[in-house]
Amino acid sequence: MEPDASIETSSMIRVAVLPIASIPPLLFQDYAAMLLRHHTVSLNSISSFYTEHQKSPFANQPWDSGSLRFKFMLGGSPPSPWEDFQSNRKILAVIGLCHCPSSPDLLSVANQFTAACKSYSSSLVQRCFAFCPGDSQLEEESCKGSNIVLFPPADRQTQEFHLQTMVQDIAASLLMEFEKWVLQAESGGTILKTPLDSQASLSSEEVIKAKKRRLGRAQKTIGDYCLLAGSPVDANAHYSTALELTRLTADFFWHAGAMEGSVCALLIDRMGQKDPVLEDEVKYRYNSVILHYRKSFIQDNAQRVSPLSFELEATLKLARFLCRYSAYSLMQDFSKEVVELLTAAADGATSLIDASDKLVVYVEIARLFGALGYHRKAAFFSRQVAQLYLQQDNKLAAISAMQVLAMTTKAYRVQSRASSEPSHDDGQTYADGRKMHHYSIVSLFESQWSTLQMVVLREILLSAVRAGDPLAAWSAAARLLRSYYPLITPAGQNGLASALANSAVRLPLGTRCGDPALPFIRLHSFPLHSSQMDIVKRNLAREDWWVGSAPSGPFIYTPFSKGEPTHGDKQELTWVVGEPVQVLVELANPCGFEVKVDSIYLSVHSNNLDAFPVSVNLPPNSSKVITLSGIPTKEGPVSIPGCIVHCFGVITEHFFKEVDNLLIGATQGLVLSDPFRSCGAAKLKNAHVPNISVVPPLPLLVSHVVGGDSSVMLYEGEIRDVWISLANAGTVPVEQAHISFSGKNQDSIVSVASETLKSALPLKPGAEVKICATLKAWQLGITDPDAASSKGVPGTLGKQVKDGSSPMLLIHYAGQLINSGEPQTGSVPPPGRRLVIPLNICVLQGLSFVKARLLSMEIPARVGETYTKLVQLESDATERVHGSERQSDRFMKIDPYRGSWGLRLLELELSNPTDVVFETSVSLDMERPNNKDSSSHCTCAEFGDPKTRIDKECTARVLIPLEHFKLPILDGSFLVKGSQNNGNTGGRSPSFSEKDIKAELNASTKSLISRIKVRWQSGRNSSGELDIKDAIQAALQASVMDVLLPDPLTFGFRLAKSSLDHSAKLISPKKSDMQVNSLGSGGSINAHDMTAMEVLVRNNTKETIKIDLSITCKDVAGENCIEGDKATVLWEGVLTGIGKEVSPLQEIRHVFSLYFLIPGEYTMSAAAVIDDANEVLRARARTRSSDEPIFCRGPPFHVRVNGTA
């Protein structure tokens, strides 16, 4: 049998193409390729070369439409014993190809060609084509008259035209030889034999039968030559005669051959026609051919030769014809008939004696099944072909078996990556191919084929080892071990590992293979450094370019984003040129031997990242997560589809997408096992790969807290300066920088020296700047569990409330706007960065409040001769005139309008639950009006020297004086401000309530609270401030009006000028409103002396007040010593019922004299009833009705009367 046989094969002229002399193989292939293009030569093109010596036997030669068909046999072919039966099996022409520069001796070339032609006795025409001859060879006489044809050096087109001419000449020569042979066969007898004919002596009957069969066989052979000569009509006539003669002589074998030739003549005559009747005719005739081949079977010749091969060949020819017609026909589908024919041929192939015939049958069956699209059936018969090759113990057969098995891998889904179709997603990232269709997974992993797939890979491994192809053997072992390790025993796994190692030894260093072995590699995650997450796009349209741009981290939401919607399904990741990056991958070794990975690094198809290799050892049945790093080298998108692995002596590329598909198949039960779960690895969700892009070099600020980056331990209210060092670790300078705050407790950042940072710009690479941040610890909430537990147990330190309670400094910075060159329209500027500096503040429980209350007391002032006067000078500075101030006077100041020791103190009880000692001090921020402008400046008066010491686990009380905060004027507009707005619309007189007054006093209360500071110090470095706002607010809630608002009238007593014994300059009436009286220690009052005194009454409102004044004097027992029978004090002047009118913000004096009969201690007081009080006075007095009198009583004044000697 012959491969690639078809019905039209009977019309093809076989031409042996032989290499002559020492022609290089590449040149031989090149010349042969030019020759193969001329496999069909039309008859009208050879008319100039054809010479008719006598009348042609081909009477119906189609010179206009006919053609000669050639089948070039490269390297020739051995003679066939069936050449008489089928003339197309003969080598009818021999063409030699020679390269003259390689073979300069043309005579030797001619001799070699002649010797080569002797092997083909059936050849009718011989030509030797000698290419590229030299000038001497063109003039050489030895080649003239021989069969050598010289092709002078020329361009390709000229040589092809010359070759076409020579082929036409050969075709004409063959046609003339065919005519001679046919004329000779018709005139004389021709003996035609086949291996089926008996070689023994024939009996008389067999001799007579042979003579009768000779005529039929001769007609059949003449028909073959007519068919080869391109005359199908003449061939059909001779075939018809042969059919009749062979039928009469029962020569079934030659009858089948003649019928087969007639079918070929029919197809050649109707070339290009698509007629269903023709197809039915061909089917009918070829079924008869198969039947007659079957009838020609002779039992006696079964062991020696059998016509079964011709029967099978005819079956395959018919199947090929139907398959080809089914592919081009839209009306009929002969697939079922073709399958039946191929199945019958496969069954018949088992009875073939010759292994080569069986090989050809299986090859043709596999080809036809493949043409029908039955790839698995084609793969099955291809494996049968490979088995026949493997039965031959030679290297060439093993190579053939390996090549045939390689063609079956696609059908069995075990093909090598190198032989598979190129992927359409080259250059895309791993995530671009994440969405796998279900049918794709099924086509890749089919568990029910596992055993068969393993057998195929074992056969490929065996054939590759026999063929001496270490790379193919390594690839097969790698696929077998990687895909089917669960079905392979530990001993088998070790054997495959040895096969991998043995194959690698025979390979050159650095050999690459498209099929990965172990380990399995999947993408774990992209660990992001803060410098990668905090890259911010620059908005050139705004000065604050960072606003409206979220950081580039791989998170759906960040606390710094402005709520912009995310576009696209994938997040974006930005890498910077020159800054190292990391990728986490997980490796798994599910086999029973140790896997040593010599090197593994990222596979970067975009060629803009330098990856760093690492080595790792994986114990049996283990997995490991490793870090792969690299440095981006240039701008643009980054494509990282997998890893490059050097393992088992070969370099392979592992794609993340393939392992991802494998894991998807494992979850759906389509693959045998999950290699990572079998190694005990945790279940990992498939990592989403962001769109990675590389931007130009950027500045990189690195921060650390001077003194250590650990938490700053602060007590509640402690104020401390923290120095932060900023260094530029990048390669470009910092041109812009802005500091802002974020997070919780931002109020704890008192100030940041941002000007220091801006003054250091541009901050060059390697430069460093230090900025100061002033921090104040916040108060721990009562509801916080940590704070509550620490407060309840004395000596227990408080803790930080919870994670994330500390504030953060945000520094947005950027480099140059344009790196180099002129700015391009539409170009994207280099992004900026954001540095997040967490201020790790750990707040400890400090001083705690136990309770707060408001204290009020009155100490009578003494009426004496000398005064301690505070005079306000023109320069607005306070100067003490004379006298010494006692220690207690620092705490108790005489009200300038009351003249007595009036004290209002805020008492704070503090507890120290810590293990350290605190010292507290009270300071007041005093505000004084400036005469030059309306602004004010503050002076600070500190009280409490010595400071209040609070030992650990102890409590103490701190007193805060409030008298300095009383308003100097009782202003009516201040009280009725809120009510007047409503009074204009209603037409009613405004009414004043305590609620309205408190609302108006709110601002003054806040001002009071803000000016009182309670500071503490612990040790040398710890100092802070207590938060007393809430405590003061609670303490003043009920008495805020009494604290802030003055009385309408204030009273005071002093000695008149006439009673002074020394010359003391008294304050003039014009300056009495600035006088501050205090207890004097100098003057004295003697008994039995008439002492002149005066009472001072001041109006603190802006309205004139009419009063009814009265004066009383009491002794130490509290009895009135002026009136009654037991009066001890005599007086001169009026003491009761004194009617006075006091101008706004002015004072009046009333002079009287007292005569004390008994020395001792006396108390004087003044009181007044206000006539016709207005709404302001009634609101201050909190009267309930308009008829209720308003009574004002002054504080007591102490008088000491000395006895006379």
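Look above for the structure.
The shown structure was predicted, so the numbers you read here are calculated from the model rather than taken from an experiment. (Residues numbered from 1 in each chain as written. Predicted model: local features only at pLDDT ≥ 70, side-chain atom pairs only at ≥ 80, totals over all residues. Heavy atoms only, no water.)

Colleague: Talk me through unusual backbone geometry; I want residue IDs and the actual numbers.
Modeller: Here the amide bond leading from Leu518 into Pro519 is cis, since omega sits at 0°, within 30 degrees of zero. Position of Pro519 among the secondary structure elements: in the loop between strand S7 (512-513) and strand S8 (520-525). Of the consecutive residues Leu761 and Pro762, the connecting peptide bond is found in the cis state with omega at -5°. Unusually for a residue other than glycine, Cys132 sits at a positive phi of about 55°. The class of Cys132 is partly exposed, set by a relative accessible area of 24%. Within the chain, Glu953 stands out as a residue other than glycine whose phi angle is a positive 60°. Topologically, Glu953 is positioned in the loop between strand S35 (936-950) and strand S36 (954-961). Taking relative accessible area as the criterion, Glu953 reaches 53% and is therefore assigned exposed. (Helix = DSSP H or I, 4+ residues; strand = E, 2+ residues; numbered from the N terminus. Buried < 20%, exposed > 50% of the residue type's maximum accessible area, 1.4 Å probe, protein only.)

Colleague: Which residues make up the pattern of salt bridges, and what are the values?
Modeller: If you walk through the whole model with that rule in mind, you get 35 salt bridges. Glu313 is the salt-bridge partner of Arg89, the closest N and O atoms lying 3.3 Å from each other. One end of the pair, Arg89, is in the loop between strand S3 (67-74) and strand S4 (91-99); the other, Glu313, is in helix H9 (residues 308-328), with 224 residues separating them in the sequence. We note that Arg89, like Glu313, is buried. A salt bridge links Arg417 to Glu658, with the nearest nitrogen and oxygen atoms 2.9 Å apart. Of this pair, Arg417 sits in the loop between helix H13 (395-408) and helix H14 (438-444) while Glu658 sits in helix H19 (residues 656-667), and the two are 241 residues apart along the sequence. Judged by relative accessible area, which is 32%, Glu658 ranks as partly exposed. In this structure, a network of salt bridges that share partners links the residues Glu2, Arg14, Arg89, Glu260, Glu313 and Lys317. (Salt bridge = Lys/Arg side-chain N within 4 Å of Asp/Glu carboxyl O.)

Colleague: Report on helix H17 (residues 490-505), specifying residues and quantitative values.
Modeller: With 16 residues, H17 ought to run about 22 Å at 1.5 Å a step, and its terminal C-alpha atoms sit 23 Å apart, in line with that. Within H17 the residues assigned to the buried category are Gln493, Leu496, Ala497, Ala499, Leu500, Ser503 and Ala504. Here the buried residues of H17 occupy an arc of 155° about the axis, which is enough to place them on one side. Across H17 from its buried face, at more than 90 degrees, point the exposed residues Pro490, Ala491, Asn502 and Val505. (Expected span 1.5 Å × (residues − 1). Arc of directions from axis to C-beta.)

Colleague: I'd like a rundown of the packing of aromatic side chains, residues and numbers included.
Modeller: Per the counting criterion, the structure on display carries 28 aromatic pairs. Centre to centre, the rings of Phe1053 and Phe1197 are 5.4 Å apart; their planes meet at 70°, and the pair counts as edge-to-face. Residue Phe1053 is located in strand S39 (residues 1049-1055), and its partner Phe1197 is located in strand S48 (residues 1197-1202); the two are separated by 144 residues in the primary sequence. Note on Phe1053: relative accessible area 5%, which makes it buried. An aromatic cluster is defined as three or more aromatic residues linked by ring pairs; in this entry it consists of Trp82, Phe85, Phe253, Trp254, Tyr293 and Phe310. Over the ring of Phe85 we find Lys220; its NZ or CZ atom is 4.6 Å from the centre of that ring. Seen from the ring of Trp545, Arg538 lies directly overhead, with NZ or CZ sitting 5.6 Å from the centre. (Phe/Tyr/Trp six-rings, centres within 6.5 Å; stacked < 30°, edge-to-face > 60°. Lys NZ or Arg CZ within 6 Å of the ring centre and 35° of its normal.)

Colleague: Summarise the sheet that holds strand S27 (residues 832-838); cite the residues concerned and give the values.
Modeller: Strands sit in the order S9-S27-S26-S23 across an open sheet of four strands; the sheet is antiparallel. Both edges of this open sheet fall to strand S9 (535-536) and strand S23 (736-743), since each of them pairs with a single strand only. Of the pairings in the sheet, the one linking S23 to strand S26 (residues 807-814) comprises eight bridges and is antiparallel in character. What sits directly across from Ser742, in S26, is Met808. (Pairing = 2+ DSSP bridges.)

Colleague: Requested: an account of the sheet that holds strand S6 (residues 148-151), with residues and values cited.
Modeller: Strand order in the open sheet formed by six strands is S2-S3-S1-S4-S5-S6, and the pairing between neighbours is mixed. Pairing within the sheet leaves two strands with one partner each, and these edge strands are strand S2 (40-42) and S6. Looking at each pair of strands side by side, their axes are set apart by 25° on average, direction ignored. Here seven bridges tie S4 to strand S5 (residues 125-131), and the two strands are oriented parallel to one another. Within the sheet, the bridge partner assigned to Ile95 lies in S5 and is Arg127. In this fold helix H1 (residues 25-36) packs onto strand S1 (12-19), S3, S4 and S5, with an angle of close to 135° to the strand it touches most, S4. (Axes fitted to C-alpha atoms, helices over the stretch in contact; angles between N-to-C directions. Contact = heavy atoms within 4.5 Å.)

Colleague: Can you tell me about the state of the cysteines, naming the residues and giving the values?
Modeller: Following the criterion strictly, the structure yields zero disulfides and no others. Free of any disulfide, Cys117 has its nearest cysteine sulfur in Cys128, 8.3 Å distant. Overall, the relative accessible area of 10% leaves Cys117 in the buried class. Free of any disulfide, Cys128 has its nearest neighbouring cysteine sulfur in Cys98, separated by 5.4 Å. Judged by its relative accessible area of 0%, Cys128 falls in the buried class. (Disulfide = S-S within 2.5 Å.)

Colleague: Can you lay out the pairing of strand S19 (residues 691-695) for me, pointing to particular residues and giving the numbers?
Modeller: As judged from the five bridges shared by strand S10 (residues 572-576) and S19, these two strands associate in the parallel manner. Paired with Leu573 across the two strands is Ile692, which belongs to S19.

Colleague: Which residues make up the environment of Leu924, and what values do they have?
Modeller: With respect to the element layout, Leu924 can be found in strand S34 (residues 918-929). A residue is classified by how much of its surface remains accessible, and Leu924, at 0% relative accessible area, is buried. Sequence separation of Leu924 and Ser1010 is 86 residues, and the distance between their C-alpha atoms is 9.3 Å.

Any functional reading would require information that these geometric values do not contain.
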